[in-house]
Amino acid sequence: MKYKKYFCGLIVCSLLAGCISMRPATVSPDTIQNPTVGFNGYVFHIPPGFESSDVLMNYRSGTSVEQIASRIFHQGWNERTRVSEWSHEQFSEAFYFKDKEAKSCFILTVQVFGLSYPAPLFSQMLSAERRYIYNFMDRQTYGERDLQNFQSVLVGGRQAVYAASTAYEKNGILYQSGGSDRNPVAYATCFLLGDRRDVYAIIGCADPKDMNLLERNMHLLMEGLSFP
């Protein structure tokens, strides 16, 4: 089956008709949980030392790293409600985190889309089909990049893909090469497909000199995501 025409926008995903209606997550000082997404929902434990705030921040405020993270978020998030003949958004939510010195910033997104055609659940797809979706998600986020630097990892007992590198940002898009008004940035990304059509992403940014800090903190956030 050719999935290229199926996956429009940031990613297309859905729950089966007739399942429990989705509701916003419950947020406490150290935990975010939503039992209405996927089969049994998800739980995210906010690591000690991290602060959470409104993800829809002003991209002209905060540190330079916060501004870059905000632009990257908005560049993708603004596309999520695009409706096509293939898909429409059913549910989405996002959360923003930073370490206390705001040297590394992270965005956790959860997305659920509806499809207008029959398609298998993510848990029923072949590995090659799942990899195609991961490639699509990566291209939508990073433009000219692909998954050649991604590695398979386990997050919450589920297979995910992870990458960390440096790039240049402009208007929320990451590029391999520098250029006019492109800002150097270290980034880390984790994508995870749920069992149904739920998709989870963690995207982190830092100054290139703080690459090691970014990766350490990224793994702390990845360890915080679990599925009951």
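A brief report on the enclosed structure follows.

Criteria and cut-off values
- Residues numbered from 1 in each chain as written.
- Predicted model: local features only at pLDDT ≥ 70, side-chain atom pairs only at ≥ 80, totals over all residues.
- Heavy atoms only, no water.
- Pairing = 2+ DSSP bridges.
- Helix = DSSP H or I, 4+ residues; strand = E, 2+ residues; numbered from the N terminus.
- Salt bridge = Lys/Arg side-chain N within 4 Å of Asp/Glu carboxyl O.
- Buried < 20%, exposed > 50% of the residue type's maximum accessible area, 1.4 Å probe, protein only.
- Contact = heavy atoms within 4.5 Å.
- Phe/Tyr/Trp six-rings, centres within 6.5 Å; stacked < 30°, edge-to-face > 60°.

**Considerations on the sheet that holds strand β1 (residues 26-27)**
- One open sheet accounts for four strands, arranged β1-β2-β3-β12; its pairing is antiparallel. A single partner strand is all that each edge strand has here, and the edge strands are β1 and β12 (225-226).

**So, the pattern of salt bridges**
- Within the structure shown, the criterion is met by five salt bridges.
- Ionic pairing is found between E66 and K98, a salt bridge with its closest N-O pair at 3.2 Å. Taken as a pair, E66 in helix α1 (residues 64-77) and K98 in strand β5 (residues 87-99) lie far apart in primary sequence, 32 residues in all.
- Where D195 meets R158, a salt bridge forms, and the shortest distance between an N and an O atom there is 3.1 Å. Of this pair, D195 sits in the loop between β10 (183-193) and β11 (199-206) while R158 sits in strand β8 (residues 158-170), placing them 37 residues apart in sequence.
- Residue D195 is classed as partly exposed on the basis of its relative accessible area, which comes to 25%.

**Remarks on the environment of V185**
- Looking at where V185 falls in the secondary structure, it is placed in strand β10.
- Counting along the chain gives 18 residues from V185 to A167, while the straight-line C-alpha distance between them is 5.5 Å.
- Not counting chain neighbours up to four residues away, the residues in contact with V185 comprise I68, S165, T166, A167, E169, L174, C205, A206 and P208.

**Some thoughts on the pairing of β8**
- In the sheet, strand β7 (residues 151-155) pairs with β8 via five bridges, with the strands oriented antiparallel. Pairing of V155 across the sheet is with R158, part of β8.
- Where β7 hands over to β8, the hairpin turn is made up of two residues, of which G156 adopts a positive phi near 60°.
- Note: β8 against β10, 10 bridges, orientation antiparallel. Its bridge partner being in β10, T166 is matched across the sheet by A186.
- When β8 meets strand β9 (residues 173-175), the two strands line up antiparallel, connected through three bridges.

**Quick word on the packing of aromatic side chains**
- Taken as a whole and assessed by the stated rule, the structure comprises four aromatic pairs.
- Both rings, one in Y42 and one in Y200, keep their centres 5.6 Å apart while their planes meet at 70°; by these two values the pair is edge-to-face. Remark: Y200 occurs in strand β11 and Y42 occurs in strand β3 (residues 42-45); sequence separation between them is 158 residues. Each of the two residues, Y42 as well as Y200, counts as buried.
- Ring geometry for F44 against F97: centres 5.3 Å apart, planes inclined by 45°, an arrangement best described as tilted. On the criterion of sequence distance, the pair formed by F44 in strand β3 and F97 in strand β5 is long-range, its members being 53 residues apart. In this pair, the class of F44 matches that of F97, namely buried.
- Among the aromatic residues, those joined into a ring-pair cluster are Y42, Y200 and F227.

On their own, these measurements won't tell you what the molecule is for.
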